[in-house]
Amino acid sequence: MLKRLFPAALLLASGALAQISSFPKPSYFREVFKRPPVKVDLNGPVKINDFVADGKLELSLHQFLELVMANNTDVQLQLISLEIPRDNILSAYGVWDPVAQASFSTTRSTSLPTSAVQAQNTAELSKSLIQPYSLQYSQTLPEGTSYYVNFSGAKSSETNSFASYNPSLTAGLTFGVSQPLIRNRGSYVNRIPLMMAQSNFKLSESNLRVQLIGLISNAENYYWNVVSARENLKVQQKARDTAAEYLKYMEKQLELGAISPLDIYNPQQSLAANDLSVSQARFALIQAEDALRHQIGVDLDPPLRKLPIDLTESAELGPAESITVDTEEEVNKALSINPAMKAALQRLDLDDLGIQQSKNGLLPNLMFNVAYTSNGRGGIFYPSDSTIFGGSSLVSSIPGGIADALSQMFGFGYPTYQAGLTLTLPIRSKTASAAMAIALVQKKTDALNLRNQEQAIRLNILTAVSSLEGAKEQLKLAQIQRDFAQKNLDAENQKYQLGTETNQNVINAQQALVQADSAVVANQIGVRRSLLNLLTQTGELLDQRGIVVK
């Protein structure tokens with residue numbers, strides 16, 4: 001038996017010492033005992049100066065989204081939310097961390113007197129000193145096996161004692177192994193908490209992508225809000241310039257006496273209305289730019305927040321007919337790459353792990369324990385002479401110490417063997433049964449949620465494609481309407497010059513052209529937004545915009 005246990009004991013001891021040899025490092029104590037940093041320093045916006053040119057902040061859509069990812073507070077909140085599930089993975093490894101324990105105590109006592117003579121003569125009272133100590137290293141392995149190596153001993157001495165050893169020094173070295181045979185047996189079931197933490201991290205990654213897609217989509221809408229407001233301001237300024245030119249023409253006609261003074265009020269009123277529209281469009285652009293500054297964090301920097309913004313993207317998309325999408329292809333794409341779908345599938349994996357964990361909790365717990373201890377004793381030895389009838393007399397003592405105890409202990413001449421089985425049989429485990437029932441219900445719930453998610457994604461894709469096709473059609477019709485409005489204005493101008501039309505019809509034609517130009521801009525932005533919505537629903541927005549989440 002000793003020959004079989006001794007190599008195993010040496011292997012366990014060498015493994016323990018191999019890990020202990022690197023512990024503790026000096027940095028360990030500095031990290032453990034240092035004061036945790038409770039102050040949070042928030043950095044200001046970054047990279048913004050890279051896009052400043054000629055006193056303006058020039059941004060393409062890609063550059064704008066780069067600043068959003070770097071500076072947007074909502075984005076930073078989502079990115080930092082991934083740290084907790086990542087730390088939970090590290091925490092799951094903690095069950096296999098080795099543990100070193102050391103203990104020492106000292107107990108000094110004086111015996112109570114047993115007679116009046118002892119009470120009067122304190123020199124006859126017995127005094128004892130006991131000082132036990134222990135050093136232990138233990139660890140649980142991923143397979144469920146746990147082992148420990150324990151070195152222990154004690155020093156004990158007592159006055160007025162005729163013990164063989166006084167003081168007595170004992171030492172013992174114990175190697176122990178515990179192996180579960182049913183519950184918690186094997187690496188798979190013991191790694192379930194770790195796998196659940198890893199699955200939760202993957203789930204958090206998918207949820208993070210869902211949140212980021214929403215935030216990026218929202219931010220890009222702010223970008224197109226500014227482009228739309230800018231183009232609308234251009235339309236209103238063009239209309240105002242046209243109205244001003246027409247007023248000059250009418251004033252010249254008035255000076256020549258070609259028209260009545262009463263006919264000048266219509267052009268003047270038209271110019272005033274266009275001035276109002278320009279003012280409204282200008283302040284709408286200012287509001288859109290302020291919202292854009294908030295998205296990139298430039299509002300946090302007083303000098304930079306005053307810079308004018310120049311967005312380089314145009315509302316023009318080219319021919320609307322060039323944008324083609326296949327509905328079923330988009331649906332299949334969304335079902336395969338949409339992070340919401342991946343999150344739903346990940347929840348099913350978590351449910352499978354939860355069922356396995358609940359099944360393990362229902363099993364009886366049968367533990368096999370084995371231990372081997374080598375003992376040693378040392379100290380000052382007092383042999384006795386028992387040749388005297390009726391008693392014994394002490395002879396000269398034999399000196400000794402801890403070296404004797406250690407020599408005997410490492411000589412393995414005084415072993416102790418221990419082996420046993422411990423069975424814990426759950427006669428009625430309501431907690432484990434309820435946990436299993438909850439795990440099964442949770443999986444069915446998540447399976448239905450997955451189906452619901454598939455249906456929702458398909459419907460969202462169909463709606464997005466329909467919206468895109470409608471936006472393309474409306475843009476084409478708005479461009480046709482604008483062409484007719486321009487032709488109608490030219491015709492009204494010619495008829496007025498020929499004297500066959502009134503100036504009111506000319507002004508009405510000018511207003512119709514302004515509305516047609518505004519409709520074209522609105523529908524161009526509408527196509528942009530419809531494309532953005534389609535990319536959002538398929539889940540490929542981040543990839544299409546070159547955003548990588550690490």
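The paragraphs below set out a description of the structure included in this document. (Residues numbered from 1 in each chain as written. Predicted model: local features only at pLDDT ≥ 70, side-chain atom pairs only at ≥ 80, totals over all residues. Heavy atoms only, no water.)

**Comments concerning the overall build of the protein chain**
Point 1. When you go through the protein chain residue by residue, the secondary structure sums to 16 helices and twelve strands.
Point 2. Compactness check: the protein chain gives a C-alpha radius of gyration of 43 Å against a globular reference of 24 Å for 550 residues, more than 25% above the reference.
Point 3. In terms of overall dimensions, the protein chain has a C-alpha envelope of 160 × 50 × 45 Å along the principal axes.
Point 4. Across the 550 residues in the protein chain, those meeting the buried criterion constitute 35%.
Point 5. Carbon and sulfur atoms form 56% of the exposed surface of the protein chain, whose accessible area is close to 31,900 Å².
Point 6. Here the protein chain contributes 48 positively and 50 negatively charged side chains, and the mean placements of these two sets differ by 12 Å. (Helix = DSSP H or I, 4+ residues; strand = E, 2+ residues; numbered from the N terminus. Rg over C-alpha atoms; globule rule 2.2 N^0.38 Å. Buried < 20%, exposed > 50% of the residue type's maximum accessible area, 1.4 Å probe, protein only. Areas by Shrake-Rupley, 256 points an atom, 1.4 Å probe, with all protein chains shown as cover. Lys, Arg positive; Asp, Glu negative; His and termini not counted. Charge placed at Lys NZ, Arg CZ, Asp CG, Glu CD.)

**Description of the packing of aromatic side chains**
Point 1. By the definition in use, this model includes eight aromatic pairs.
Point 2. Ring centres of Tyr93 and Trp96 lie 6.0 Å apart, and the angle between their planes is 70°; this geometry places the pair in the edge-to-face category.
Point 3. Seen from their ring centres, Tyr372 and Tyr417 are 5.3 Å apart, and the 45° between their planes marks the pair as tilted. Here Tyr372, found in strand E9 (residues 365–381), pairs with Tyr417, found in strand E12 (residues 415–424); they are 45 residues apart in sequence, far enough to count as distant.
Point 4. Classification of Tyr372 by relative accessible area gives buried; the value is 2%.
Point 5. When its relative accessible area of 38% is taken as the criterion, Tyr417 is described as partly exposed. (Phe/Tyr/Trp six-rings, centres within 6.5 Å; stacked < 30°, edge-to-face > 60°.)

**Regarding the sheet that holds strand E8 (residues 309–311)**
Point 1. Strand order across the open sheet formed by three strands is E1-E2-E8, with mixed pairing between neighbours. Edge positions in the open sheet fall to strand E1 (52–53) and E8, since each of these has one partner strand only.
Point 2. Taken together, the two bridges between E1 and strand E2 (residues 56–59) define a ladder with antiparallel strand orientation. Bridge pairing in E2 places Val52 opposite Leu57.
Point 3. Against the sheet, helix H9 (residues 265–296) touches E2 and E8, its axis set at about 85° to E8. (Pairing = 2+ DSSP bridges. Contact = heavy atoms within 4.5 Å. Axes fitted to C-alpha atoms, helices over the stretch in contact; angles between N-to-C directions.)

**Notes on the environment of Glu316**
Point 1. Topologically, Glu316 is positioned in the loop between E8 and helix H11 (327–337).
Point 2. Once the C-alpha coordinates of Glu316 and Gln524 are considered, the two residues, 208 residues apart in sequence, prove to be 6.5 Å apart.

**As for the pairing of strand E7 (residues 165–180)**
Point 1. Taken together, the eleven bridges between strand E6 (residues 146–158) and E7 define a ladder with antiparallel strand orientation. Its bridge partner being in E7, Ala154 is matched across the sheet by Thr170.
Point 2. Sheet topology note: the E7/E9 ladder contains 14 bridges and is antiparallel. The partner of Leu173 across the bridge, within E9, is Ser374.

**Remarks on helix H12 (residues 339–362)**
Point 1. Its 24 residues give H12 an end-to-end C-alpha distance of 35 Å, which sits within 8% of 34 Å, the value for a rise of 1.5 Å per residue.
Point 2. Measuring from the backbone nitrogen of Ala340 back to the side-chain oxygen at the start of H12 gives 2.8 Å, which picks out Asn338 as the cap. (Expected span 1.5 Å × (residues − 1). Polar contact = N/O pair within 3.5 Å; in protein donor to acceptor, adjacent residues only side chain to side chain.)

**Observations regarding the nonpolar core**
For soluble globular proteins, nonpolar side chains are generally found buried alongside one another.
Point 1. Ranked by internal contacts, the top residues of the largest apolar core, which has 47 residues, are Leu59, Phe64, Ile216, Tyr223, Ile296 and Leu311.
Point 2. Per element, the largest residue contribution to this core is 14 residues, and it comes from helix H8 (residues 192–255).
Point 3. Here Ile296 is in contact with Ile48, Leu57, Leu59, Phe64, Leu67, Val68 and Asn71, once residues within four sequence places are set aside.
Point 4. Within the second largest apolar cluster, 19 residues are counted, among which are Ala320, Ala334, Met341 and Ala471. (Core = buried A, V, L, I, M, F, W, Y, C linked by side-chain atoms within 4.5 Å.)

**Section: the side chain of Glu492**
Point 1. Structurally, Glu492 is set in helix H14 (residues 430–497).
Point 2. Non-local contacts of Glu492, meaning those with residues more than four positions away in its chain, are made with Glu501, Asn505, Val506 and Ala509.

**Thoughts on the pattern of salt bridges**
Point 1. Counted by the stated rule, this structure contains 16 salt bridges.
Point 2. A salt bridge links Asp275 to Arg240; the shortest N-O distance between them is 2.7 Å. Of this pair, Asp275 sits in helix H9 while Arg240 sits in helix H8; the two residues are 35 residues apart in sequence, bridging distant segments of the chain.
Point 3. Exposure remark for Asp275: the relative accessible area of 33% places this residue in the partly exposed category.
Point 4. Judged by relative accessible area, which is 29%, Arg240 ranks as partly exposed. (Salt bridge = Lys/Arg side-chain N within 4 Å of Asp/Glu carboxyl O.)

**Focus on the side chain of Ser168**
Point 1. Within the fold, Ser168 resides in strand E7.
Point 2. Overall, Ser168 belongs to the buried group, its relative accessible area being 6%.
Point 3. Engagement of the side chain of Ser168 in a polar contact is seen with the side chain of Arg377, the distance being 3.0 Å.
Point 4. Beyond its immediate sequence surroundings of up to four residues, Ser168 is in contact with Ala154, Lys155, Ser156, Arg377 and Gly378.

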